[in-house]
Amino acid sequence: MNDALFPGAPQAAYPSVAAHLRLAVESIERDGWAILPGQLSAKACAAMRAAIPGLLAAETAEIGGPENMKRIGDEGVSRSPFLRDERFVEPAALPDVLAIARHFLGAVVQLNLQRVVVNVPGLAHGAGVWHRDHSYQDFTTSRPVSLTALAMLDGSRVENGAPSLLPGSHRFEKFPTFDYAKARAVRALCAPGDVLLIDSAIFHRTEPNPGPDTRHAVVTIYTVPLIRQNVDYPRLLAGRWADDPVLGPLMGYATAMPASDLDYRRAKLERGRRVARDRSVAPAPIPAKDA
Ligand SMILES: O=C(O)CCC(=O)C(=O)O
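This report concerns the structure included in the present document. Being a predicted model, the structure only gives us computed values, none of them experimental. (Residues numbered from 1 in each chain as written. Predicted model: local features only at pLDDT ≥ 70, side-chain atom pairs only at ≥ 80, totals over all residues. Heavy atoms only, no water.)

Near the ligand the following residues occur: Arg115, Val117, Ala127, His131, Asp133, Leu150, Pro163, His204, Thr206, Arg215, Ala217 and Val219. Take aspartate 133: an N or O atom from its side chain is 3.0 Å from an oxygen atom of the ligand. Threonine 206 places a polar side-chain atom, nitrogen or oxygen, 2.7 Å from an oxygen atom of the ligand. Judged by its atoms lying within 2 Å of the grid points, the ligand is housed in the largest pocket. Those elements giving two or more residues to the shell around the ligand turn out to be β3 (110-119) and β9 (215-223). Looking at which element gives the most residues to the shell around the ligand, the answer is β9, with three residues. Residue composition of the shell around the ligand, by class: six nonpolar, three polar and three charged. (Near = heavy atom within 4 Å. Polar contact = N/O pair within 3.5 Å; in protein donor to acceptor, adjacent residues only side chain to side chain. 1 Å grid on protein atoms, 1.4 Å probe; cavity = no way out; pocket = protein on both sides within 12 Å on 5 of 7 lines; lining within 4 Å. Sits in = over half its atoms within 2 Å of the grid points. Helix = DSSP H or I, 4+ residues; strand = E, 2+ residues; numbered from the N terminus. Nonpolar A, V, L, I, M, F, W, Y, C, P; charged D, E, K, R; others polar.)

A separate point is the sheet that holds strand β6 (residues 186-187). Across the sheet, three strands lie side by side as β6-β5-β8; this open sheet has antiparallel pairing. Taken across any chain shown, the strands that pair with only one partner, and hence form the sheet edges, are β6 and β8 (204-205). (Pairing = 2+ DSSP bridges.)

Here the focus is the packing of aromatic side chains. Inspection of the entire model under this criterion finds five aromatic pairs. Three or more aromatic residues joined by ring pairs form one cluster here, namely Trp130, Phe175, Phe178 and Phe203. Across from the ring centre of tryptophan 241, 4.7 Å away, lies the NZ or CZ of arginine 240, which sits over that ring. (Phe/Tyr/Trp six-rings, centres within 6.5 Å; stacked < 30°, edge-to-face > 60°. Lys NZ or Arg CZ within 6 Å of the ring centre and 35° of its normal.)

Attention now moves to the pattern of salt bridges. Summed over all chains, the structure comprises eleven salt bridges. One salt bridge connects arginine 49 with aspartate 154, and the closest N-O pair in it is separated by 2.5 Å. Of this pair, arginine 49 sits in helix α2 (residues 42-63) while aspartate 154 is found in the loop between β4 (146-152) and β5 (164-165), placing the two residues 105 residues apart along the sequence. Residue arginine 49 is classed as partly exposed on the basis of its relative accessible area, which comes to 28%. For aspartate 154, a relative accessible area of 13% gives the class buried. Arginine 235 serves as the salt-bridge partner of aspartate 232, at 3.8 Å between the closest nitrogen and oxygen. According to the relative accessible area criterion, arginine 235 is exposed, its value standing at 60%. (Salt bridge = Lys/Arg side-chain N within 4 Å of Asp/Glu carboxyl O. Buried < 20%, exposed > 50% of the residue type's maximum accessible area, 1.4 Å probe, protein only.)

Don't take any of this as a statement about function, it's just geometry.
Given below as structure tokens:
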């Protein structure tokens, strides 16, 4: 194909992104989605898949049985699996995913939630309606404020209920007409271990699984720290990974809500931060914590 561009026409470029991720970054920006191939090994996928029934059983018992899971639309959903089983940290902290998240969301990327979606043949799933990942937030932003990574443990094919996406819909407040959606929706087809990475504002849905095989996806959502976490991970983790340079900030330790204005000020003092000031004025020394 001829790559010539009209003289003087401005062109996008992504010099700060690693070369192997540039096409994915541009695709997420323009279309709202991209597939990152080969992110998880077959062994890691198999280990997580094998752990999911036990996680679901424990969570179902905790909420009072399958009827209650059904009543809250959480059938086939395991929540925060990484809290019970550390193997699920791997899909939450994949270097390529975090690099793209930092490109869009900035240096401080917060884990909003992690869940497992289990798409069982013949069973309707709660994620089977067209949705964005932050419910009721129907505004658009000039760049993503949230990304969703779907690690496809079994791959995703038409035969196992691969999700549908509506490319470009992250840029529009309103869902289009169903005629448009029907004409323009695409299926996200992945090999086992691939990650489907989307702007969380793109409309998408789980499709019915015709069977015979169940499909498992580990869904991890990352946000700018202005958006509150789905659950209070710093409290639940009680210091676990607090000093880890990758997991500490990701879990939200650095951006957890301060209990008071005094705590907020003390945290700023500890970080040595001050607001922008006139550079011609010499900065005042920062007082010691208990001064
Ligand atoms: O893997 C899928 O089917 C998509 C799941 C989904 O839409 C969600 O978790 O929000």
